[in-house]
Every structure is written in structure tokens, then in C-alpha cells.
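Take a look at the letters that make up each chain.
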Amino acid sequence: MKYTSPNESQTTSIGRQLATMISPGDIITLSGDLGAGKTTFTKGFAEGLGVKKTITSPTFSLMNVYPTDAHPEIDMFVHIDTYRLENEEDLRAIGVEDYLGDPKTIVMIEWPEKIAGILKKFEQVIAVNITNGADDAERVIEVVGIE
Ligand SMILES: Nc1ncnc2c1ncn2[C@@H]1O[C@H](COP(=O)(O)OP(=O)(O)OP(=O)(O)O)[C@@H](O)[C@H]1O
Ligand SMILES: [Mg+2]
């Protein structure tokens, strides 16, 4: 699926929409340059899952875990940002493998290429790729791996 988003609020809304299309245990990767809109997209997605807390970028915490309440089979939403991660083991050390593929959890990852070694054993990965569009505010959002 491919969407064109003219502004921040539309990117949030596309994220919210994706939350209605996923399955328990899904892992979603978010690729795109600095400032592409990965966290913005995540905010909408989390809202769609019924996360009530405000999503903040896990740039320093690496991983934020939120309870969800909009989906009968999903209890938790995990937001990861590996931008400042130096070694995959650091993410393993804070328990990422307890969440990845867990059937009651959805995991969304900014900068997934940095944890390719951890992700390679998971087949059920949805990839969201955000690129620049025709003007400063436009983004092209491509979602791969979902029917
Ligand atoms: N169409 C758009 N969609 C999303 N964000 C947009 C759009 N147009 C402008 N913006 C702006 O781009 C920025 C996106 O920031 P955001 O933190 O979501 O990016 P990011 O990809 O998570 O960056 P980082 O790599 O630093 O984590 C915001 O300042 C937002 O206002
Ligand atoms: Mg971000």
C-alpha cells in the first residue's frame, strides 16, 4: 500500500489506520531519514491501538512499553528507536526479546537496520518506509507485508 501525506496530521491518521489492520504479535519496522515522520506515524498508530499515554521518542530510553486497550487480543505496545544504540546486545539486555513476536504485543521499531541480527529470525515483519514527497511537507508512506 502506498499513501501520500501532505502534512503531519495526515501521517498521524495513516498510522492510526494501520493500527486497524495488524495482527497480534506483529513487528513493524519504520524506515526513513531523520525527521521523515517515523515518530509522528507511531503516535497515530499507538492512538489507534488505544494507548492512552502520550508517546515520546525513545531516543535515549531505546524502548518504551505502553498498555493498550482498543484491541481484545493486544495488551501492549512497544516503541523502539535504535538510533543511539551502539550494540544489539544492549537492546537484548533490556529485554527486547520478551516482546518481539509475543502474541499479545505489537512492536514498532525506528531504525530497524541497526538490529538486523535480532530481527532476522522473525518472518512476520511489516515494513513502513517514509520518503520525501513533492514539497517540504509531503511524505510518501509505503507499507509492505500486509494484505
Ligand atoms: N507530512 C508530514 N508527515 C510527518 N511529519 C511531517 C510532515 N510534514 C512535516 N512534518 C514534520 O517533520 C517532523 C517529523 O518528525 P518525527 O520526529 O516524526 O520524525 P522521525 O522520522 O521520527 O525523526 P528521527 O529520525 O529523528 O526519529 C515533524 O517536525 C513534523 O512536524
Ligand atoms: Mg523518531
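Residues numbered from 1 in each chain as written. Chains lettered and ligands numbered in written order. Predicted model: local features only at pLDDT ≥ 70, side-chain atom pairs only at ≥ 80, totals over all residues. Heavy atoms only, no water.

Enquirer: I keep staring at the coordination of the magnesium ion (ligand 2) and nothing clicks. Help me out?
Expert: For a metal with four tetrahedral donors the ideal donor-metal-donor angle is 109.5 degrees, while six octahedral donors give ideal angles of 90 or 180 degrees. The coordination sphere of the magnesium ion (ligand 2) contains the protein donors T39 (OG1) and E110 (OE), at a distance range of 2.0 to 2.2 Å. Residue T39 is found in helix α2 (residues 38-49), and its partner E110 is found in strand β5 (residues 105-110); the two are separated by 71 residues along the sequence. Overall, the relative accessible area of 18% leaves T39 in the buried class. Among the residues examined, E110 registers a relative accessible area of 3% and is labelled buried. (Donors = N, O, S within 2.8 Å, 3.2 Å for Na, K, Ca; no water. Helix = DSSP H or I, 4+ residues; strand = E, 2+ residues; numbered from the N terminus. Buried < 20%, exposed > 50% of the residue type's maximum accessible area, 1.4 Å probe, protein only.)

Enquirer: Any chance you could explain the pairing of strand β2 (residues 27-31) here in plain terms?
Expert: The two faces of the sheet receive side chains in turn, since in a regular strand these alternate between them. Taken across its 5 residues, β2 has 4 buried, putting it largely inside the fold. Pairing geometry for β2 and β5, over 4 bridges, is parallel. Pairing of I28 across the sheet is with M108, part of β5. Pairing analysis gives 5 bridges linking β2 to strand β6 (residues 125-132), with the strands arranged parallel. When the sheet's bridge partners are listed, L30 is paired in β6 with V128. (Pairing = 2+ DSSP bridges.)

Enquirer: How should I be thinking about the packing of aromatic side chains in this particular structure?
Expert: Here the structure, examined in full by the defined rule, presents 3 aromatic pairs. Between the aromatic rings of F45 and F77, the centroid separation amounts to 5.6 Å while the plane-to-plane angle is 45°, which identifies the pairing as tilted. You can see F45 sitting in helix α2 and its partner F77 sitting in strand β4 (residues 76-81), a full 32 residues away along the chain. Side by side, F45 and F77 carry an identical accessibility label, which is buried. Taking the centre distance of 5.2 Å and the plane angle of 40° together, the rings of Y83 and W111 count as tilted. Pair noted here: Y83 is in the loop between β4 and α3 (88-93) and W111 is in the loop between β5 and α5 (116-119), with a separation of 28 residues, a long-range link. In this structure W111 comes out as buried when scored by relative accessible area, which is 17%. Aromatic rings pair up to connect F45, Y66 and F77 into one cluster. (Phe/Tyr/Trp six-rings, centres within 6.5 Å; stacked < 30°, edge-to-face > 60°.)

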